[in-house]
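# Topology and contacts: notes
So you can see what is in the structure, the chains are spelled out below.
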Amino acid sequence: MMIDRRRLLAGSSVFGAAMVLGAPALLGQAKQRVVVIGGGAGGATAAKYIAKDSGGAIEVVLVEPAGEFITCFHSNLYLGGFRDLKSITHSYDRLTANYGIRHNRQAATQIDREKKQVVLADGTRLPYDRLVVSPGIDLKYDSVPGWSQAHEETMPHAWKAGKQTEILKSRLAAVEDGGTIVMIAPPNPYGCPPGPYERVSMMAHVLKTAGKTKCKIMVLDPKESFSKQGLFQAGWEKYYPGMVEWLGPKIHDGIKSVDPKTNTVETGFETYKNAALVNVIPAQMAGKIARDAGLANASGYCAIDPETMRSSVDANIYVIGDACIAGDMPKSAFAANSQAKVAALNVRGELTAARVFPARYANTCWSLIAPDDTVKVGGSYGAKDGKIAALTTFVSQTGETEAMRKEQQAENMGWYAGITSDMFS
Amino acid sequence: MSVSRLSRSAIFAAAALAGSEYGQAAAGGDRAFGEYLSAECVTCHQVTGQATGGIPAIVAWPEDQFIAVMQAYKAKDRDNNVMQTMAGRLSKEEIEALAAYFGSLPIQPLRN
Ligand SMILES: Cc1cc2nc3c(=O)[nH]c(=O)nc-3n(C[C@H](O)[C@H](O)[C@H](O)COP(=O)(O)OP(=O)(O)OC[C@H]3O[C@@H](n4cnc5c(N)ncnc54)[C@H](O)[C@@H]3O)c2cc1C
């Protein structure tokens, strides 16, 4: 009965938009509903494009507890003093007003896949026709021996933007000249591959600007190599000589333990006692809501169909952003935004018979090394061999001109303005 | 020839003079298709037509100039690896569709 009415409406030009707008109560369930979990780079974009491009034919509910979103991207620039906190904080008001998206300010506590319902913190059950899941990453608080969530204020991670970023920033400001900063870098895969190293650059910049050039930043990395390594190391050498030392696992021989009481980090190679600041960036996995729903595999992340972003385990669910397994694409806000658009198109294709085109994805990540010196890495991607595969990629070169590096920083700032207006307005 | 720092009209003029493919590109692409394709562009470019930082405005251009510039990135006659990558995978029809879509948008005044 409901379905018939929906069909009738969809196919009818007599009962036009006025009818839909004028009698929502009468039509009741006739409108199909998409629930989006998470209002970050992936979720906000998906909610917008589904609502905007379906022209009101699909009801979109955004489930996100926060009233405003602080971007993790460019939080390193806040740390470095290149942005203020306000400029990386965004309201959902225009997004919801412009496209008629309903923002339900609660956390989702469960996905009832059988019943196609999302359970909210207050117990409400939200039925969905399709569900988009974009909860980002969760930190593995037990991945660094001796460190846990109870220690995240003493040894901040700052891998979720907001209070954590502010703690790291004020702790950095308090470091005295000659102090040692230890960063424990994360293992793959994690959100934003060049992120930790951009952060090292920003910390060194802050110290240098304050004249504290006798400080030392020790980067203890579980990885043999890292994103844009040559570019970062050349930059550190050029701008912050003697201030940054990166050690791979063969040299430090593993993090044996950390002691938040004494700010001590013990590796197989050396013990750093009474560090002025310890930044622990732990291992990561898909957000709890996705894992609890059985959407993640043994890797801790969620497998998807590269043509559509649909979950490999549930045809009514799409998983995008940091939580999904995106093949050759890195976990980035740019990538999440790009995946959201593919998911949105396919959701509309299923629910409103919108024309669907082959998936195309893109990414670019800029990293600021020093004022006016920015490098980038990026590429375009498509579905190939059962995964999202890189089609063409590019990366900055060492020895680029100063003018070019400066231009790339301007691109970086322009991109931030672009993606945030794409997400939030 | 490197024309990386030439203006779009200079590129267009140069291309037209040389009688190259993109100098004569026809306008009149599929606007609806262009709207779909444009989602990929507005991660960087503002749909309002404002230039921000190092990201130029691409709204309300004459279609033929838009096409000429995109073809120049595609052919790597114009530098910038981001735009070379974006244009590199676009077909002639797709570029025309984008030109039609962005060309049809109004430049909106700045907010606030
Ligand atoms: C320091 C740092 C620097 C970075 N720099 C860059 C950069 O320069 N460029 C770039 O492209 N990317 C960068 N990133 C990566 C980027 O922030 C992420 O890749 C991107 O935000 C992922 O988008 P997402 O939608 O998957 O998750 P997020 O943006 O993290 O959003 C997830 C949202 O889901 C909500 N949520 C979670 N669980 C629930 C639930 N159960 N119910 C309701 N809501 C829920 C959260 O509140 C959150 O708002 C950086 C990341 C960090 C940490």
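Our structure is the block above this text.
Within any chain, residue numbers begin from 1 and follow the written order of that chain's sequence. Lettering for chains starts from A, numbering for ligands starts from 1, and both go in the order in which the items are written. Given that the model is predicted, a residue must reach a pLDDT of at least 70 before its local features are reported, and side-chain atom pairs must reach 80 or more before they are shown or counted; all residues, however, enter totals for whole chains, interfaces and linings. With hydrogens and water stripped out, all remaining heavy atoms of the structure feed into the side-chain values.

### Examining the interface of chain A and chain B
A contact between two residues is defined here by any heavy atoms of the two lying within 4.5 Å. Taken together, the contact between chain A and chain B spans 34 residues of the former and 24 residues of the latter. Buried area: the sum, over both parts, of the accessible surface (1.4 Å probe) that disappears when the two are put together. When the two sides are added together, the surface that chain A and chain B hide from each other amounts to roughly 2300 Å², 53% of it contributed by carbon and sulfur. Among the residues chain A hides against chain B, the three largest losses belong to Phe357, Arg360 and Phe394 of chain A. Together they make up 27% of the total. Definition used for salt bridges: Asp or Glu carboxyl oxygen within 4 Å of a side-chain nitrogen of Lys or Arg. Taken together, the connections running from chain A to chain B amount to 3 salt bridges.

### Overview of the environment of Glu407 of chain A
Residues and elements named next belong to chain A. Labels follow the DSSP assignment, with helices taken as runs of H or I lasting at least four residues and strands as runs of E lasting at least two, numbered in each case from the N terminus. Examined against the element boundaries, Glu407 turns out to sit in helix H13 (residues 402–424). Classification of residues uses two cut-offs on accessible area relative to the type maximum, computed with a 1.4 Å probe and protein chains only: under 20% is buried, over 50% is exposed, and between them is partly exposed. On the basis of relative accessible area, Glu407 is assigned to the partly exposed category, the value being 37%. The spacing of Glu407 and Thr374 is 33 residues in sequence and 8.1 Å in space, taken between C-alpha atoms.

### A short note on unusual backbone geometry
Residues and elements named next belong to chain A. The residue after Asn188, namely Pro189, is reached through a cis peptide bond having omega -10°. Looking at the secondary structure, you find Pro189 in the loop between strand S11 (180–184) and helix H8 (195–209). Look at Lys116: it is not a glycine, yet its phi comes out positive at around 55°. Tracing the backbone shows Lys116 in the loop between strand S6 (108–112) and strand S7 (117–120). Residue Lys116 is classed as partly exposed on the basis of its relative accessible area, which comes to 25%.

### Regarding the pairing of strand S22 (residues 387–395) of chain A
All names here are of chain A. Summarising the sheet, strand S21 (residues 373–384) and S22 pair through 8 bridges and their orientation is antiparallel. By the bridge assignment for S22, Gly378 is matched with Phe394. Between S21 and S22, which follow one another and run antiparallel, lie 2 residues, and Asp385 among them has a positive phi close to 50°. A pair of strands is treated as paired once DSSP finds two or more bridges between them.

### A short note on the site of the ligand
Residue and element names in this part refer to chain A. Each residue is tested against the molecule or strand, and it is near if at least one of its non-hydrogen atoms lies within 4 Å. Neighbouring the ligand are 33 residues, the closest being Gly42, Glu64, Cys72, Ser134 and Asp322. Whenever a nitrogen or oxygen atom comes within 3.5 Å of another N or O atom, the pair is scored as a polar contact, on the condition that within protein one atom can donate a hydrogen and the other can accept it, and that pairs from neighbouring residues in sequence are kept only if both atoms are in side chains. Within the contact set of the ligand, an oxygen atom lies 2.6 Å away from a side-chain nitrogen or oxygen of Glu64. At 2.9 Å from an oxygen atom of the ligand is found a main-chain nitrogen or oxygen belonging to Ala333. Accessible surface is estimated by sampling points in the Shrake-Rupley manner with a 1.4 Å probe; for residues, cover comes only from the protein chains shown. A total of 1000 Å² of accessible area belongs to the ligand in isolation, and the protein chains cover 88% of it.

### Some details on the packing of aromatic side chains
All names here are of chain A. For Phe, Tyr and Trp, where Trp contributes only its six-membered ring, two rings pair if their centres lie within 6.5 Å, and the inter-plane angle classes them as stacked under 30 degrees, edge-to-face over 60, or tilted in between. In the structure shown here, the tally under the stated rule is 21 aromatic pairs over all chains. A ring pair is formed by Phe232 and Trp236, whose centres lie 5.9 Å apart and whose planes are at 35°; its orientation type is tilted. On the criterion of helical spacing, the pair formed by Phe232 and Trp236 is a turn pair, its members being 4 residues apart in helix H9 (residues 229–239). Taking the relative accessible area as the measure of exposure, Phe232 reaches 0% and is therefore buried. A ring pair is formed by Trp415 and Tyr416, whose centres lie 6.5 Å apart and whose planes are at 80°; its orientation type is edge-to-face. Owing to a relative accessible area of 6%, Trp415 belongs among the buried residues under this scheme. Arg83 extends its terminal NZ or CZ atom over the ring of Tyr416, reaching a point 4.2 Å from the ring centre. Cation over ring: Lys331 sits above Tyr301, and NZ or CZ is 4.0 Å from the ring centre. Either the NZ atom of lysine or the CZ atom of arginine qualifies as a charge over a ring when it sits within 6 Å of the ring centre and within 35 degrees of the ring normal.

### Remarks on the packing of helix H12 (residues 333–352) of chain A against H13 of chain A
All names here are of chain A. Across the interface, H12 lies against H13 with an axial gap of 11 Å and an inter-helix angle of 35°. Crossing handedness for the pair H12 and H13: left-handed. Contacts from Ala333, Phe334, Asn337 and Lys341 in H12 reach Trp415, Ile419, Asp422 and Met423 in H13. When residues are sorted by character, Ala, Val, Leu, Ile, Met, Phe, Trp, Tyr, Cys and Pro go into the nonpolar class, Asp, Glu, Lys and Arg into the charged class, and all the rest, Gly among them, into the polar class. Looking at the contact of H12 with H13, its residues break down into 5 nonpolar, 1 polar and 2 charged. Only C-alpha atoms enter the line fits that serve as axes; for helices the fit covers just the stretch in contact. Angles between N-to-C directions range over 0 to 180 degrees. By definition, turning the near helix anticlockwise from the far helix through less than a right angle yields a left-handed crossing, and turning it clockwise yields a right-handed one.

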